[in-house]
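# Residue-level structural notes
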Amino acid sequence: NKTYIRSTAAFTYQFTSDRDRKSDTLFQKTVTYYDWYEYPAFRFSTMLNHKMSNKHSLRLGGTYNHLWGNMFAIRLNSKLQYDTLMNTTGRGWYGSSFAQWKYRPGEVTEMNTGLHVFYSGVTSQTIVEPRWGVIFRLPLDQTFNFGMGYHSRLEPLSVYHFRTKVSTTVRE
């Protein structure tokens, strides 16, 4: 029987910017869209793995992510005025926990089943994601893998802070 714990802490930083321009007949360039997004984050994860026997192992773990964002976007509207789509800072967090059981009934087959629970402090939603997979070991060091389950996609903070124009002066 073998048990180990693995933990990781990291600070990440992502920056992206985009500028679209058009040229008129005199080749004068006009910016039609401009944005920049800056996303620093602190991330922590930990996992406990316990091998109960040659056939069974259990893995438990969790993650915590704290995000910040500076977000800005403008576009040139039909009246040739710049419309501010976003000019905000935001922060939020999300966390998850998981349990995974691996079972090897024989030399050629391995099955994994697990449950992943995700909570978003940005949207206040809890998402439960069951998962299952199987691996068949074939001759000549080949494998056939099959898996299914729910896998949520995290969006950048800008998606949750974007406001739609509801009148000529108001965004919600």
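All of the points below concern the structure found in this document. Given the structure is predicted, the values throughout are model-derived calculations rather than measurements. (Residues numbered from 1 in each chain as written. Predicted model: local features only at pLDDT ≥ 70, side-chain atom pairs only at ≥ 80, totals over all residues. Heavy atoms only, no water.)

## Remarks on unusual backbone geometry
Its identity is not glycine, yet Phe27 carries a phi of approximately 60°, on the positive side. Examined against the element boundaries, Phe27 turns out to sit in the loop between strand 1 (2-23) and strand 2 (29-51). A positive phi angle, close to 60°, is found at Leu80, a residue other than glycine. Structurally, the position occupied by Leu80 is in the loop between strand 3 (56-76) and strand 4 (82-103). (Helix = DSSP H or I, 4+ residues; strand = E, 2+ residues; numbered from the N terminus.)

## Let's talk about the pattern of salt bridges
Enumeration according to the criterion identifies five salt bridges in this entry. Between Glu110 and Arg104 there is a salt bridge, with its nearest N and O atoms 2.9 Å apart. Here Glu155 makes a salt bridge to Arg153, at a shortest N to O gap of 2.6 Å. Of the residues examined, Glu155 reaches a relative accessible area of 28% and is grouped as partly exposed. Owing to a relative accessible area of 66%, Arg153 belongs among the exposed residues under this scheme. In this structure, a network of salt bridges that share partners links the residues Arg104, Glu110 and Arg137. (Salt bridge = Lys/Arg side-chain N within 4 Å of Asp/Glu carboxyl O. Buried < 20%, exposed > 50% of the residue type's maximum accessible area, 1.4 Å probe, protein only.)

## Structural notes on a nonpolar patch on the surface
There is a patch of nonpolar side chains on the surface, built from Phe11, Tyr13, Phe15, Phe42, Phe44, Tyr64 and Trp93 and spanning about 730 Å² of accessible area. The set of elements that each furnish at least two residues to the nonpolar patch consists of strand 1 and strand 2. Among the elements that take part in the nonpolar patch, strand 1 stands out by supplying three residues, more than any other. Mapped onto the elements, Tyr13 comes out in strand 1. Looking at Tyr13, the relative accessible area reads 48%, which means it is partly exposed. (Patch = residues over 30% accessible without salt bridge, like charges linked within 9 Å, V, L, I, M, F, W, Y side chains within 5 Å. Areas by Shrake-Rupley, 256 points an atom, 1.4 Å probe, with all protein chains shown as cover.)

All we've got here are geometric facts, nothing functional implied.
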